[in-house]
Each structure stands twice: as structure tokens, then as C-alpha cells.
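Chain by chain, the residues:
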Amino acid sequence: MKIKEIIVVEGKDDTTAIKRSVDADTIETNGSAVNDATIEKVRKAQEIRGVIIFTDPDFPGEKIRKTIANRVPGCKHAFIPKEEAIAKGGRGLGVEHASPEAIRAALKDAQLMHESIIEEITQEDLITAGLIGGEGAKERRIMLGNLLKIGYTNGKQLHKRLMMFQISKQEFAEALSVVIREELNE
């Protein structure tokens, strides 16, 4: 699988995991304090080939993702579910621990965040669906994020991410019904 875009990752181990999974070029941020030189590399890559931001499913990874997305518009985003990014021994979390299959799936599902944000799903819809507040809300958000390929978010971020990825009411309702079915089968 050859990836046209340049993939932005956090470090060398992520690059190794990416190259083991697909034929692609990477830019490493080397930590969450993304410097101006890295931003310029990403900007140039975005102009020439396009960029996929593929960071770890944790707080520092989200911080890097937001920093780059805010400074370099038009990047695609790939997300890996937390449970697929856990190290074999349980110590460590990141893209570097994911299987080649999980990495390929995340890159295949990379999405573009849209600048013009249209609110189809309201905050009230999320509360009514049991995705914000209450027992089991976090687990429902994890499942929903995986199904919609938008990654895990807290309650506040979920609304924003649904708008940024322009998830339709229908897509949302279909994914939510899967989440509810899964919950009832447990």
C-alpha cells in the first residue's frame, strides 16, 4: 500500500511502524512542543503532496494534532483506537505499538477536517444519546469514535469533532444504533 501524502508522526519508532506497514514518507515532530521548523516542513509537505496527521491516541498526541491542524489547514487525520495502540506488555501507548493491519486501516480511513463547520448534531443530541454525562458515556464515546473513524474524544470535544468531520445526522444515528446494540448484547 503506497501512501501519496506525507504522514506526520511523533517519533522514530512511529516512523518504523509506519514503514513496516505501508510505503510512505514521514515527518517526525519529536515531542509535543512542535517547533516552527517542523510546522514549515509540514506546510511544504501539505502544499506538494498533502499531509496525514497520525499521532498517538493520548493527550500529547491530541495536542500535537491540534497544533498542526491550527497552523496548517487542509491536513487529513488518521486515528488509531486506543486498544490497538497498547504495547504488548501493557506498558506504553502509541502508533509504534499498533499492528500493521491497524495502521493500514487507520490510514485508509484518514479524513479531512472541514473549515466551514455546519452543526447537524447538537450538544443536546449528544446528551440525549447518553454520550455526555452519566454512566457509560465514556465507553459509548469510545465505540462511537471507532465506528465513525474520528478517534476518542471527551464529551466537550465530541461535538466539535462531529462538526469538523461533517458527520451527518444519518451517519451519527447509524453508528449510535450499533453502539446501543453492542451495549444491549453485553
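My aim in this report is to walk through the structure given alongside it, one point at a time. (Residues numbered from 1 in each chain as written. Predicted model: local features only at pLDDT ≥ 70, side-chain atom pairs only at ≥ 80, totals over all residues. Heavy atoms only, no water.)

Notes on the overall build of the protein
Step number 1: Counting secondary structure elements, the protein contains 8 helices and 5 strands.
Step number 2: In sequence order, the secondary structure elements of the protein are arranged as β-α-β-α-β-α-β-α-β-α-α-α-α.
Step number 3: Relative to its length of 186 residues, the protein is compact, with a C-alpha radius of gyration of 16 Å against a globular reference of 16 Å.
Step number 4: For the protein, the C-alpha atoms occupy an extent of roughly 45 × 40 × 30 Å along the three principal directions.
Step number 5: Each of the 186 residues in the protein was classed as buried or not, and the buried ones make up 45%.
Step number 6: Across the protein, contacts joining residues at least 24 apart in sequence account for 62% of those joining residues at least 6 apart.
Step number 7: Only carbon and sulfur atoms are counted for the fraction: they give 52% of the accessible area of the protein, which is about 9,900 Å².
Step number 8: Positive and negative side-chain charges of the protein, numbering 28 and 30 respectively, have mean locations separated by a distance of 4 Å. (Helix = DSSP H or I, 4+ residues; strand = E, 2+ residues; numbered from the N terminus. Rg over C-alpha atoms; globule rule 2.2 N^0.38 Å. Buried < 20%, exposed > 50% of the residue type's maximum accessible area, 1.4 Å probe, protein only. Contact = heavy atoms within 4.5 Å. Areas by Shrake-Rupley, 256 points an atom, 1.4 Å probe, with all protein chains shown as cover. Lys, Arg positive; Asp, Glu negative; His and termini not counted. Charge placed at Lys NZ, Arg CZ, Asp CG, Glu CD.)

A word on the packing of aromatic side chains
Step number 1: On inspection of all chains with the given rule, the structure shows 1 aromatic pair.
Step number 2: A ring pair is formed by Phe79 and Phe165, whose centres lie 5.8 Å apart and whose planes are at 75°; its orientation type is edge-to-face. Of this pair, Phe79 sits in the loop between strand E4 (76-77) and helix H4 (100-108) while Phe165 sits in the loop between helix H7 (155-164) and helix H8 (169-185), and the two are 86 residues apart along the sequence. For the pair Phe79 and Phe165, a shared accessibility class is recorded, and that class is buried. (Phe/Tyr/Trp six-rings, centres within 6.5 Å; stacked < 30°, edge-to-face > 60°.)

Examining the nonpolar core
Step number 1: Grouped together as the largest cluster of nonpolar side chains are 19 residues, with contacts concentrated most on Ile7, Ile18, Phe54, Ile103 and Leu107.
Step number 2: Of all the secondary structure elements, the ones that give two or more residues to this core are strand E1 (2-9), helix H1 (12-21) and H4.
Step number 3: The element best represented in this core is H4, accounting for 4 residues.
Step number 4: Each residue touching Leu107, except ones within four places of it in the same chain, is listed here: Ile3, Ile7, Val22, Ile52, Phe54 and Ala78.
Step number 5: In this structure, Leu126, Phe165, Phe172 and Ala175 belong to the second largest nonpolar core, which totals 16 residues. (Core = buried A, V, L, I, M, F, W, Y, C linked by side-chain atoms within 4.5 Å.)

Examining the side chain of Thr38
Step number 1: Relative to the helices and strands, Thr38 is located in helix H2 (residues 36-48).
Step number 2: The exposure class assigned to Thr38 is buried, which follows from its relative accessible area of 6%.
Step number 3: For Thr38, the contacting residues outside a window of four places in its chain are Ile27, Glu28 and Thr29.

Some thoughts on the sheet that holds E4
Working definition: the strands of a sheet are paired by backbone hydrogen bonds and lie parallel or antiparallel to each other.
Step number 1: In space, the 5 strands of this open sheet follow the order E2-E1-E3-E4-E5, with mixed pairing throughout. Looking at which strands have only one partner, the edges of the open sheet turn out to be strand E2 (23-28) and strand E5 (111-112). (Pairing = 2+ DSSP bridges.)

Remarks on the pattern of salt bridges
Step number 1: Tallied over the entire structure, the rule returns 11 salt bridges.
Step number 2: In this structure, Arg49 and Asp25 form a salt bridge, with 2.7 Å as the shortest nitrogen-oxygen distance. Residue Arg49 is found in the loop between H2 and strand E3 (51-53), and its partner Asp25 is found in strand E2; the two are separated by 24 residues along the sequence.
Step number 3: Take Arg49: its relative accessible area is 24%, and that puts it in the partly exposed class.
Step number 4: Take Asp25: its relative accessible area is 32%, and that puts it in the partly exposed class. (Salt bridge = Lys/Arg side-chain N within 4 Å of Asp/Glu carboxyl O.)

Side note on the pairing of E2
Step number 1: Where E1 and E2 come together, 5 bridges link them in parallel fashion. By the bridge assignment for E2, Ile6 is matched with Asp25.
Step number 2: As for the winding sense of the linkage, the β-α-β connection from E1 through H1 to E2 is right-handed. (Right-handed = clockwise from strand over helix to strand, strands pointing away.)

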